[in-house]
Amino acid sequence: GFRLWLRYAPLAEAEAAAIRPALTAIMLPPEPGPVAAVAAAELERGLAGMVGRAPIRTTRLQAGTILMLREGDPRLREAGVDLRGLGDEGFVLRSASVGSVPVTVIGARTEQGLLYGSFGLLRHLGQGRAIDVLDLRSAPKVRLRVLNHWDNLDGHVERGYAGDSLWDWWLLPDWRDPRLTDYARANASIGINGTVLNNVNASAEILTPRYLEKVAAIADMLRPYGIKVYLSARFSAPIEIGGLQSADPVDPAVGRWWAQTANRIYARIPDFGGFLVKANSEGQPGPGDYGRSHAEGANMLARALAPHGGVVMWRAFVYSETDAADRAKQAYAEFQPLDGRFDDNVIVQVKNGAIDFQPREPFHPLFGAMPQTPLMLELQITKEYLGFATHIAYLGTLFEEVLDTDTGHPAGTVADVVAGSGQGDRLTGIAGVANIGDDRDWSGSTFNQANWYAFGRLAWDAALPADEIAREWAAQTFSPRAEAIAPVTDILMMSREAVVDYMTPLGLAHLMATDHHYGPGPWVGDLARPEWNPTYYHRADREGIGFDRSVTGSNAVSQYAPAVARRFGDPATTPDNLLLWFHHLPWDHRLSTGETLWAGLIARYDRGVARVAEMDRLWSRTRPFVDAERHAKTATFLDIQANEARWWRDASVAYFQSVSELPLPPGAAPPA
Ligand code: GCW
């Protein structure tokens, strides 16, 4: 599994035979830089694998040349390639004729675009597609497409289920592990152009000269792939490593310290991306420690980075026990009033939902509610709440669901808000909390690789359908044959909903066991902070279940645009899959399907278990197309998932039955 979706496995001979004469050579653009060089190397590697022959490098056009053309090249016009509207990173792939020679053009304004175009061509071939009539254009709508590594300096990855950190701080900067080049290739292949190396629960150490040397070495390795390095900055670093008494953002000495720190970073890493900050959240220091706002804190850091072109990604994930009536309301309450008060190089990073990366949450009410402020969407690729590495849960559908949701605000969908549609040239971005570690398969399981892949593809183009991304991934990871793609895609497409069903159906949330968040723990209610307890979220008793966030309850619905607030404010118009997120309802409440809430809840737990069995059945059909090692590991993980789906169902149903005191509905599967 090391090679991820970049296996470049041999195509069927008929397809390979058609491609070989059509892609015989590569012609680099005039005066190529390092990015064009790695693009060409990737084309060689990919074609050698897929069709058994690497194209030669040529300086004279020959039939079947892959012709890389940058802006200003007169051959673009001859090839009928129009680069307008592609931005700095987009590309065109086109079968054309130049000087009467049949060629395939990769056209882009920049070398970065040529690199993405090269990966685009390989992705196309990897799906077994023909190339004689190629005519593709693609450009990202979002500027910052960034992984967030929650990697600690001791090598442990917070919420990581794929081994230790990839960054070997001990051996860096001397040993530059070639694996980091493979990391860069994988990311570039899906359009990721930035990475935050360290945990948002940050150690100030990373900003010391000793570590910056190491960070610079990583940045050097990622640079040819167009990937910028960012760091999580600990707000109290001026005290911890700067010898100051305070980290108050209005203290001029603090501002100076950060400016000097930025200068020191840029002296080593001229294209450093900037800082990610978790402030005044879960015990982290922040401007609130000095009575200052998030905007004052963020802007102070932004001023330090601005002369160098760096950005601040300031997280909106905040909640505190002092206002625990409804945790879901806190980020909006703190951030919405600050709309318009952030500097131009600040982007506020908002999780997809208002609680915390649950199997299903409604979209975060901040999206669309801060029109004067760039908002970055934060998704979690690592499956903290969806079964870690073992359970198959394809997040393409979760990400798509969030992106496609209409916020009810003039800006439109979450994807539109994130793309800054109609907001001119401002900063835009998507972040994904990485699921990558030093496991041989990078992500702890083969199927988790699909989530890394889907994140990148959707960050590039939020309009790509999750099932299309699933098919792309399946073809490149296993086999482009339809008999392989179909079952793998079916597994992927049903998997997340299965997890929702057996963990948190009908809009329930946060029922996982304490701290580690793996198995069920809906009975837990004695933790120190109220909003850490599952009982706080489900509120089940003899009468009913659910968290009332309507006007009769916490009124969190009022944080949404009026039309959305109305829809979520009434159980009759709230979709079943979010019902108990917004409403506390009696057990005999009728769902839209006509079944009672009690019967519907049990039916969903049963359905989740049944779907895992179905996934297992589908997987067995892929045996002829998957090597024995990956096949067996996935089959074993599906067995684990099947057991644990039953564990989730049986424990949850037994617990809810202990409070509802209702009999199991007829036909419900008896506990195993
Ligand atoms: O999801 C929760 C996690 C914490 C994490 C925090 C955050 C990095 O349980 O491990 O801390 O969110 O997003 O800051």
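Residues numbered from 1 in each chain as written. Predicted model: local features only at pLDDT ≥ 70, side-chain atom pairs only at ≥ 80, totals over all residues. Heavy atoms only, no water.

Once that is clear, we can look at the sheet that holds strand S8 (residues 194–196). The 8 strands are arranged S7-S8-S9-S10-S11-S12-S13-S14 in a closed barrel whose pairing can be described as parallel. Taken pair by pair, the neighbouring strands of this sheet meet at an average axis angle of 25°, ignoring direction. Looking at chain direction, strand S13 (residues 375–380) and strand S14 (residues 429–433) are connected through 5 bridges and run parallel. Bridge pairing links Leu377 to Ile430 in S14. (Pairing = 2+ DSSP bridges. Helix = DSSP H or I, 4+ residues; strand = E, 2+ residues; numbered from the N terminus. Axes fitted to C-alpha atoms, helices over the stretch in contact; angles between N-to-C directions.)

This brings us to the packing of helix H15 (residues 482–503) against helix H19 (residues 597–620). Angle between the axes and distance between the axes are the two parameters that describe a pair of packed helices. In contact at an axis separation of 8 Å, H15 and H19 are set at 155° when each is read in the N-to-C sense. Classified by the interaxial angle, the pair formed by H15 and H19 is roughly antiparallel. Like other packed secondary-structure pairs, H15 and H19 cross with a definite hand, here left-handed. Residues Pro487, Val488, Asp490, Ile491, Met494, Ser495, Glu497, Ala498, Asp501, Tyr502 and Met503 of H15 touch H19, and the partners they reach there are Arg604, Tyr605, Arg607, Gly608, Val609, Arg611, Val612, Glu614, Met615, Leu618 and Trp619. Looking at side-chain class alone, the contact of H15 with H19 contains 13 nonpolar, 2 polar and 7 charged residues. (Parallel < 35°, antiparallel > 145°, perpendicular 65-115°, else oblique. Left-handed = near helix turned anticlockwise from the far one by under 90°. Contact = heavy atoms within 4.5 Å. Nonpolar A, V, L, I, M, F, W, Y, C, P; charged D, E, K, R; others polar.)

Our next topic: the site of the ligand. The local shell around the ligand holds 14 residues, among which Glu158, Lys278, Lys351, Asp356 and Glu384 are the closest. One of the side-chain N or O atoms of Arg315 is found 2.7 Å from an oxygen atom in the ligand. Glu384 places a side-chain nitrogen or oxygen 2.5 Å from an oxygen atom of the ligand. Considering the ligand on its own, with 340 Å² of exposed area, one finds that the protein chains cover 97% of that surface. Classifying every residue of the shell around the ligand by side-chain character gives 3 nonpolar, 3 polar and 8 charged. (Near = heavy atom within 4 Å. Polar contact = N/O pair within 3.5 Å; in protein donor to acceptor, adjacent residues only side chain to side chain. Areas by Shrake-Rupley, 256 points an atom, 1.4 Å probe, with all protein chains shown as cover.)

Attention now goes to the side chain of Arg457. Along the chain, the position of Arg457 falls in helix H13 (residues 446–460). Beyond its immediate stretch of four places on either side in the chain, Arg457 contacts Arg123, Ile190, Leu464, Ile469 and Glu472.

The next thing to look at is unusual backbone geometry. Omega for the peptide link from Leu172 to Pro173 comes to 5°, which places this bond in the cis form. In this structure, Pro173 sits in the loop between strand S7 (144–148) and helix H5 (179–189). Even without a glycine there, the phi angle at Asn280 is positive, about 50°. Phi is positive for Phe388, which is not a glycine, with a value near 55°. Position of Phe388 relative to the elements: it lies in the loop between S13 and helix H11 (396–404).

Let us look at the pairing of strand S9 (residues 228–232). Summarising burial for S9: 4 of the 5 residues are buried, a large majority. Across 3 bridges, S8 lies against S9 in parallel orientation. Opposite Thr195, over in S9, you have Val229 as the bridge partner. A crossover links S8 with its parallel partner S9, the connecting element being helix H6 (residues 209–222), and its sense is right-handed. Bridging between S9 and strand S10 (residues 274–277) involves 3 bridges; their strand directions are parallel. Along S10, the bridge assignment pairs Tyr230 with Gly274. (Buried < 20%, exposed > 50% of the residue type's maximum accessible area, 1.4 Å probe, protein only. Right-handed = clockwise from strand over helix to strand, strands pointing away.)

Assignment of secondary structure puts Asn198 in the loop between S8 and H6. Note on Asn198: relative accessible area 3%, which makes it buried. With residues near it in sequence (within four places) discarded, Asn198 still touches His149, Asp151, Ile206, Leu231 and Ser232. At 2.7 Å, the side chain of Asn198 forms a polar contact with the backbone nitrogen of Ser232.

A common way to express how large an interface is: the accessible area buried when the components associate. The assigned domain composition of the chain is domain 1 (13–138), domain 2 (144–471) and domain 3 (502–547 + 584–660). Taking only C-alpha atoms into account, the centre of domain 1 sits 33 Å from that of domain 2. Contacts between domain 1 and domain 2 engage 13 residues on the former and 14 residues on the latter. A buried area of about 1200 Å², summed over both sides, lies between domain 1 and domain 2, and 51% of it is on carbon and sulfur atoms. The largest contributions to the domain 1 side of the interface with domain 2 come from Tyr116, Phe119 and Arg123, which together make up 41% of the buried area. Where domain 1 meets domain 2, there are 2 salt bridges. Among the salt bridges present, the one from Glu42 reaches Arg185, with a minimum N-O distance of 2.8 Å. At the boundary of domain 1 and domain 2, one finds 7 residue pairs in polar contact (both at pLDDT 80 or more). Counting only elements with at least two residues in the side of domain 1 that touches domain 2, the list comes to helix H2 (34–51) and helix H4 (111–126). Within the side of domain 1 that touches domain 2, the residues separate by chemical class into 7 nonpolar, 2 polar and 4 charged. (Domains from an automatic or database assignment. Buried area = accessible area lost by both parts, 1.4 Å probe. Salt bridge = Lys/Arg side-chain N within 4 Å of Asp/Glu carboxyl O.)

With 12 residues, helix H14 (residues 466–477) ought to run about 16 Å at 1.5 Å a step, and its terminal C-alpha atoms sit 16 Å apart, in line with that. With 9 of 12 residues buried, H14 is to be regarded as a mostly interior element. Along H14, the residues that are buried comprise Ala466, Ile469, Ala470, Glu472, Trp473, Ala474, Ala475, Gln476 and Thr477. Residues of H14 that are buried make contact with H4, H11, H13, H15 and helix H20 (628–660). (Expected span 1.5 Å × (residues − 1).)

As a further point, take the packing of aromatic side chains. Between two aromatic rings, the relevant description is the distance of the centres plus the angle of the planes. By the definition in use, this model includes 31 aromatic pairs. With a centroid separation of 5.6 Å and 65° between ring planes, the pair formed by Trp169 and Tyr211 is classed as edge-to-face. Here Trp169 is found in the loop between S7 and H5, whereas its partner Tyr211 is found in helix H6, with 42 residues between them in sequence. Among the residues examined, Tyr211 registers a relative accessible area of 12% and is labelled buried. Each residue in the set Phe2, Trp5, Trp442, Trp452 and Tyr453 is aromatic and connected to the rest through ring pairs, giving one cluster. Directly above the aromatic system of Tyr211 lies the positively charged group of Lys214, at a separation of 5.9 Å from the ring centroid. In this structure, Arg327 packs its charged tip against the face of Tyr319, placed 3.6 Å from the ring centre. (Phe/Tyr/Trp six-rings, centres within 6.5 Å; stacked < 30°, edge-to-face > 60°. Lys NZ or Arg CZ within 6 Å of the ring centre and 35° of its normal.)

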